[in-house]
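Residues per chain, in single letters:
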Amino acid sequence: MGLTEEDKQRVRAIWVPVSRHAEAVGVEVLNRLMAAHPTTKTYFHHLDLSPDSAQLKALGKKVVDALSCAVENLDDLPGALGHLSELHAFELRVSPSSFECLNHCILVTIGAHSRGSLDPALLLSVDKFLGSVAHVLTSCHR
């Protein structure tokens, strides 16, 4: 199901504070991911995975920055993220199910910092957005 104009407005609005704190949000998301889904650590075996390591912070920022690019290109996610699909499928060999785990951790992190402003419509819009991103990122797996 595609994003409606209302979905896009909601995603853009909620993403402003996320992108402003890209490194902090990104490292929190990755820490949640690895705590809740320890098998995802195998993708990062070459990094220092301690909670506040410089490498984990840099990777977290990279994840949020890629999602920020997606937010800026909601009408052309394949064009904006196509290169990441190939990277994750062929070079990094990330399992498609890992994106679902990551999406859940992103939603939980946003919810934890939303101070009650994450109403059901906003949650659904962000979930649809993250699902659309995951669909693009796993397109090379098909």
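Residues numbered from 1 in each chain as written. Predicted model: local features only at pLDDT ≥ 70, side-chain atom pairs only at ≥ 80, totals over all residues. Heavy atoms only, no water.

Chemist: Can you help me understand the packing of aromatic side chains in this one?
Modeler: Between two aromatic rings, the relevant description is the distance of the centres plus the angle of the planes. Scanning all chains against the criterion turns up 1 aromatic pair. Aromatic side chains W15 and F129 sit 6.1 Å apart centroid to centroid with 65° between the ring planes, which places their arrangement in the edge-to-face category. In this pair, W15 sits in helix α1 (residues 5-20) while F129 sits in helix α6 (residues 120-137), placing the two residues 114 residues apart along the sequence. We note that W15, like F129, is buried. (Phe/Tyr/Trp six-rings, centres within 6.5 Å; stacked < 30°, edge-to-face > 60°. Helix = DSSP H or I, 4+ residues; strand = E, 2+ residues; numbered from the N terminus. Buried < 20%, exposed > 50% of the residue type's maximum accessible area, 1.4 Å probe, protein only.)

Chemist: Any chance you could explain the state of the cysteines here in plain terms?
Modeler: By definition, a disulfide links the sulfur atoms of two cysteines through a covalent bond. Taken as a whole and assessed by the stated rule, the structure comprises 0 disulfides. Cysteine C105 shares no disulfide, and the gap to the nearest cysteine sulfur, in C101, comes to 7.1 Å. (Disulfide = S-S within 2.5 Å.)

Chemist: What's the story with helix α3 (residues 54-72) in this structure? I'm lost.
Modeler: At 3.6 residues per turn, the α-helix brings residues three or four places apart onto the same side. The end-to-end C-alpha distance of α3 is 27 Å, a good match for the 27 Å that 19 residues give at a rise of 1.5 Å each. All of the buried residues in α3 are L56, L59, G60, V64, L67, S68, A70 and V71. (Expected span 1.5 Å × (residues − 1).)

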